[in-house]
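What the coordinates show
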Amino acid sequence: MLTLPDDLAQAIRRQLDEQPEARWVREAQALSERYRGDRRQQAPLASGEAQALGYMAMIMPATYAQLRGAMAAAAARAPGWQPHTALDLGSGPGTALWAATAQWPSLARLEAWEREGAFIRAGRQLASQAAAPALQSAAWHQRDLRSAQAQGSYDLVILGHVLNELTPEAQAATVAAAWTMTAGLLLIVEPGTSAAFPVVRAARDALLGQGAHTLAPCAHDMPCPLADDWCHFPQRIARPEFQRRARGAPSPWEDSKFSYAAMARFPAEGAIWGRVIREVAWNKAYAETTISSRDGIIAHRALKRHRAAFKQTKELGWGQALDEPPHTED
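This structure is a prediction, so every number in the text was calculated from the model and none was measured.

1. Digging into the layout of surface pockets
Space inside the second largest pocket adds up to approximately 230 Å³. Lining the second largest pocket are 14 residues, with Gly69, Ala73, Tyr260, Arg275 and Gly319 sitting closest to its centre. Those elements giving two or more residues to the lining of the second largest pocket turn out to be helix H4 (60-77), strand E7 (233-238) and strand E8 (253-264). Sort the elements by how many residues they give to the lining of the second largest pocket and H4 lands first, with five residues. Counted by class, the lining of the second largest pocket contains nine nonpolar, three polar and two charged residues.

2. Structural notes on helix H9 (residues 197-209)
Compared with an ideal rise of 1.5 Å per residue, which puts 13 residues at 18 Å, H9 spans 19 Å between its outermost C-alpha atoms and is within 8% of the ideal. Regarding H9, the residues found buried are Phe197, Val199, Val200, Ala203, Arg204, Leu207 and Leu208. For H9, the elements touching its buried residues are helix H8 (168-180), strand E5 (182-191), strand E6 (213-216) and E8. Of the residues flanking the end of H9, it is Gly211, one or two places downstream, whose phi is positive at about 90°.

3. Digging into the packing of H4 against helix H5 (residues 95-103)
With their axes 9 Å apart at the nearest point, H4 and H5 run at an angle of 40° to one another. The angle between the axes of H4 and H5 places the two elements in the oblique class. In this structure, the crossing between H4 and H5 has a hand that is right-handed. Contacts between H4 and H5 involve Met60, Thr63, Tyr64, Leu67, Arg68, Met71, Ala72 and Ala75 from the former and Thr95, Ala96, Trp98, Ala99, Ala100, Ala102 and Gln103 from the latter. Partitioning the contact of H4 with H5 into residue classes produces 11 nonpolar, three polar and one charged.

4. Observations concerning empty space enclosed by the protein
Counted by the stated rule, this structure contains two cavities of 30 Å³ or more. Its boundaries defined by the atoms lining it, the second largest cavity holds a volume of some 200 Å³. The wall of the second largest cavity is formed by 17 residues, among which Phe197, Pro217, Cys218, Cys224 and Cys231 lie closest to the centre. Those elements giving two or more residues to the lining of the second largest cavity turn out to be H9 and E8. Sorting elements by how many residues they give to the lining of the second largest cavity places H9 first, with four residues. Taken together, the residues of the lining of the second largest cavity sort by class into 12 nonpolar, two polar and three charged.

Cut-offs and rules
Residues numbered from 1 in each chain as written. Predicted model: local features only at pLDDT ≥ 70, side-chain atom pairs only at ≥ 80, totals over all residues. Heavy atoms only, no water. 1 Å grid on protein atoms, 1.4 Å probe; cavity = no way out; pocket = protein on both sides within 12 Å on 5 of 7 lines; lining within 4 Å. Points joined across faces, edges and corners; volume = space filled by probe spheres on them. Helix = DSSP H or I, 4+ residues; strand = E, 2+ residues; numbered from the N terminus. Nonpolar A, V, L, I, M, F, W, Y, C, P; charged D, E, K, R; others polar. Expected span 1.5 Å × (residues − 1). Buried < 20%, exposed > 50% of the residue type's maximum accessible area, 1.4 Å probe, protein only. Contact = heavy atoms within 4.5 Å. Axes fitted to C-alpha atoms, helices over the stretch in contact; angles between N-to-C directions. Parallel < 35°, antiparallel > 145°, perpendicular 65-115°, else oblique. Left-handed = near helix turned anticlockwise from the far one by under 90°.

Given below as structure tokens:
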């Protein structure tokens, strides 16, 4: 289970304490309704100081979890890769920069592009209280991705919760520009919904056409084999106290679900056979799950009478990479 870094949680708490609690709780709950609603109008999820506070209280912890989950999966496929520069496109308050510095301490130069001035101010204030020097010195630029031109080259480029707010034409242009600026890894993360998954799949398809290598989640560089289905993964995070207040939920944790594509200019350091893309289910007769593999989509089932195979299947983790097919018999 992840927790927010202490310096980030404390920095968010300080900004929230500057306003009456009832105000940011109200904004957070309204924001949550918009987050779950129809996003096809391409309106910004949040704008203005009050909504930025609501975002930090409600959405930022879950988004941090999703980004860390995707980054960890990518890093596991390239353990020797140590990026030094990162660009966060559509940065919001800099959530991806915090996640990236936690995943890759080698990062020394960070840059954020964001169109909403309130998020830039909030992000700068948060970063000023960070323990990591790279966050403290991060460069912020007010830019709209719908019209921004590619500039510079970065080891790591991140598109986190950005593409689902753009038109299909703007999505394609943004992915192309992001890839132009990517010297190492382009990471695309969206909410784990059936509506957001096609956005991630389309971006991956376009990048494969440009010669990109898939680090995660797929075990191959072929088109996605899913038909009339979608792929997403959970990352558990301990809810900070202010998020529990904003959500009005007593549960101390949540599983934040996401879809993602980690696309690189270099191949993974080792091959995998597949990845578990469904939570394992079991009953008195069998245990089963779904695996996306180099051989296509596998509906894996182990009968209980095959005790070792049944136990192995029960213990598979949702999102786990597999070096070889799991057993179906002892």
